[in-house]
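Results of the structural survey
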Amino acid sequence: MIPFSILDLSPIGEGESVSAALENSRRMAIKAEEHGYNRIWLAEHHGMPGIASAATSLVIAHVGAATKHIRVGSGGIMLPNHSPLVIAEQFGTLAALLPGRVDLGLGRAPGTDMRTARALRRNLDAGAENFPHDIVELQRYLGQPQPDQAILAVPGMNSNVPIWLLGSSTYSAHLAAALGLPYSFASHFAPDMLMEAIHIYRERFQPSEVLDKPYVMVGVMGVGAETDEEAQHLFTSSQQQFVNLRRNVRTPFPKPVHSMDDYWNEMERFSVEHTLRFAAVGSPQTIERHLDGFLAETQADELIVSMPIHDIEKRLRSVEIFADVRTSIKKAA
């Protein structure tokens, strides 16, 4: 069976607290482990009232302490926001606390608006331009120190935390291929370049010490429920959130609504439906049909599902539904 994983943003639901959001992430990690998911990743975002995972390494430690064997990690750390040494120390510490279970997914985007990004990293241009060099520097800190290495990451050195590259365009596909790293594409919110990026990555992949052949993980939004109608209702929370992003309105993660007709205009509807066109929303049977086709088309090695559902009990039920669907989907040959 193809591995299924979960991407969690620790959504802060409308009417809920940050503490509740972090507790929900803990419960979700436990449920994912119980149902055989391969990994659960947390994503770095800043300045967003609906997302509680800004201090990503801390939330990873939180969910890791609640579980025993599921892999935990970042999906991702926005490396230009940080010095490679700081990230090496953070993830070296995580690797010591959770041995053999930690992944370090890296992205190049700021994960926020430009004003907040400036407050985070001060020099925006240098951060983006230095991304490939920062990855190599980070690999050096996490690996075995060289005899003449002046700067050591402690914790970090000799931890060999697996590094992934994340992307929503073809840039990271080229880079992941050149460095021989596993690659995860953010098709859950950036569908347009999915197939081109996968093709570039596989065609240009160079074997490395950490990976001898390409490994692709693809993302989808997912809402599983007992019926298609219930799932579509729950999905309106995500649809509202994406409309709000386009309006530059920052709110907690919205409760679902009965209809989106009075919420968005025609242009917003078209834009959001295009952005979320790979979303797997519906009953178990509907989700199975959708994912069967999606995985056959992408030939993905792994699927990572983001389940932004306002009600935590409904979210946990969705985790169960996707796990059940996984057992009936065969990895494409």
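Everything numeric here is computed off the predicted structure, so don't read it as measured data.

1. Thoughts on the overall build of the chain
The number of helices and strands found in the chain is 12 helices and nine strands. Relative to the 2.2 N^0.38 estimate, which gives 20 Å for 333 residues, the radius of gyration of the chain is 19 Å and therefore close to what a compact globule would have. Put simply, the chain has 333 residues, and 52% of those count as buried. When contacts within the chain are restricted to residue pairs at least 6 apart in sequence, those whose partners lie at least 24 apart make up 72%. Charged side chains in the chain number 29 positive and 38 negative. The centres of these two groups are separated by 2 Å.

2. So, the pairing of strand β2 (residues 39-42)
Residues Arg39 and Trp41 line one face of β2 and the alternating positions Ile40 and Leu42 line the opposite face, and both faces are buried. Here three bridges tie strand β1 (residues 4-8) to β2, and the two strands are oriented parallel to one another. Its bridge partner lying in β2, Asp8 is registered against Leu42. With helix α1 (residues 18-34) bridging β1 and its parallel neighbour β2, the resulting β-α-β unit is right-handed. The sheet contact formed by β2 and strand β3 (residues 71-78) spans four bridges and is parallel. Within the sheet, the bridge partner assigned to Trp41 lies in β3 and is Gly73. Read as a crossover between parallel neighbours, the route from β2 over helix α2 (residues 56-65) to β3 is right-handed.

3. Some remarks on α2
Burial in α2 covers these residues: Thr56, Ser57, Val59, Ile60, Val63 and Gly64. Relative to the axis of α2, the buried residues are bounded by an arc of 160 degrees and lie together on one face. Set apart from the buried face of α2 by more than 90 degrees, the exposed residues are Leu58 and Ala65. On its buried side, α2 packs onto α1, β2, β3 and α3 (84-97).

4. Some remarks on the nonpolar core
Ranked by size, the top nonpolar core spans 69 residues in total, and within it Tyr37, Leu104 and Leu291 carry the most contacts. Leave out the neighbours within four places in its chain, and Tyr37 touches Phe4, Ser5, Ile6, Ala32, Ile70, Met307, Ser318, Val319, Phe322 and Ala323. If you look at the next biggest cluster of nonpolar residues, it comprises 15 residues, including Leu234, Phe235, Trp264 and Val272.

5. Focus on the side chain of Thr170
You can see Thr170 is positioned in the loop between β5 (163-167) and α7 (171-179). With relative accessibility at 18%, the residue Thr170 sits in the buried group. When sequence neighbours within four positions are dropped, the list of residues in contact with Thr170 reads Met193, Glu196, Ala197 and Ile200.

6. Considering the pattern of salt bridges
A side chain of one charge can pair with a side chain of the opposite charge if their charged atoms are brought near each other. Scanning all chains against the criterion turns up 14 salt bridges. The salt bridge involving Asp103 is made with Arg39; its shortest N-O contact spans 2.6 Å. On the criterion of sequence distance, the pair formed by Asp103 in strand β4 (residues 102-107) and Arg39 in strand β2 is long-range, its members being 64 residues apart. On the accessibility criterion, Asp103 (1% relative accessible area) is buried. By relative accessible area, Arg39 is classed as buried at 6%. Residue Glu320 is joined to Arg317 by a salt bridge in which the shortest nitrogen-to-oxygen separation is 3.0 Å. Remark: Arg317 and Glu320 occur in helix α12 (residues 312-326); sequence separation between them is three residues, near one turn of the helix. Relative accessible area serves as the criterion here: at 29%, Arg317 is assigned to the partly exposed category. Taken together, the shared-partner salt bridges connect Lys31, Glu226, Arg317 and Glu320 into one network.

7. Focus on the packing of helix α9 (residues 228-247) against helix α10 (residues 266-275)
Where α9 contacts α10, the axes come no closer than 10 Å and their chain directions differ by 115 degrees. Relative to α10, α9 is oriented so that their crossing is right-handed. Contact with α9, carried on its side by Gln239, Phe242, Val243, Arg246 and Arg247, involves Glu268, Ser271, Val272 and Thr275 of α10 and no other residues of that element. Per-class residue counts for the contact of α9 with α10 are three nonpolar, three polar and three charged.

8. A word on a nonpolar patch on the surface
Side chains of Leu152, Val154 and Met157 sit close together on the surface and give an oily, nonpolar patch of about 250 Å² of accessible area. Take Met157: it is sitting in the loop between α6 (131-142) and β5. Residue classification places Met157 among the partly exposed residues on the basis of a relative accessible area of 32%.

9. A few points about the pairing of strand β9 (residues 302-306)
For β9, a buried count of five out of five residues is recorded, marking the element as mostly surrounded by other parts of the structure. Covered by surrounding structure in β9 are Glu302, Ile304 and Ser306 together with Leu303 and Val305, the residues of both alternating faces. In terms of strand pairing, β1 meets β9 through four bridges, oriented parallel. Bridge pairing links Ser5 to Ile304 in β9. Examined bridge by bridge, strand β7 (residues 216-224) and β9 share five bridges and lie parallel to one another. Directly across from Met217, in β9, lies its bridge partner Glu302.

Calculation notes
- Residues numbered from 1 in each chain as written.
- Predicted model: local features only at pLDDT ≥ 70, side-chain atom pairs only at ≥ 80, totals over all residues.
- Heavy atoms only, no water.
- Helix = DSSP H or I, 4+ residues; strand = E, 2+ residues; numbered from the N terminus.
- Rg over C-alpha atoms; globule rule 2.2 N^0.38 Å.
- Buried < 20%, exposed > 50% of the residue type's maximum accessible area, 1.4 Å probe, protein only.
- Contact = heavy atoms within 4.5 Å.
- Lys, Arg positive; Asp, Glu negative; His and termini not counted.
- Charge placed at Lys NZ, Arg CZ, Asp CG, Glu CD.
- Pairing = 2+ DSSP bridges.
- Right-handed = clockwise from strand over helix to strand, strands pointing away.
- Arc of directions from axis to C-beta.
- Core = buried A, V, L, I, M, F, W, Y, C linked by side-chain atoms within 4.5 Å.
- Salt bridge = Lys/Arg side-chain N within 4 Å of Asp/Glu carboxyl O.
- Axes fitted to C-alpha atoms, helices over the stretch in contact; angles between N-to-C directions.
- Left-handed = near helix turned anticlockwise from the far one by under 90°.
- Nonpolar A, V, L, I, M, F, W, Y, C, P; charged D, E, K, R; others polar.
- Patch = residues over 30% accessible without salt bridge, like charges linked within 9 Å, V, L, I, M, F, W, Y side chains within 5 Å.
- Areas by Shrake-Rupley, 256 points an atom, 1.4 Å probe, with all protein chains shown as cover.

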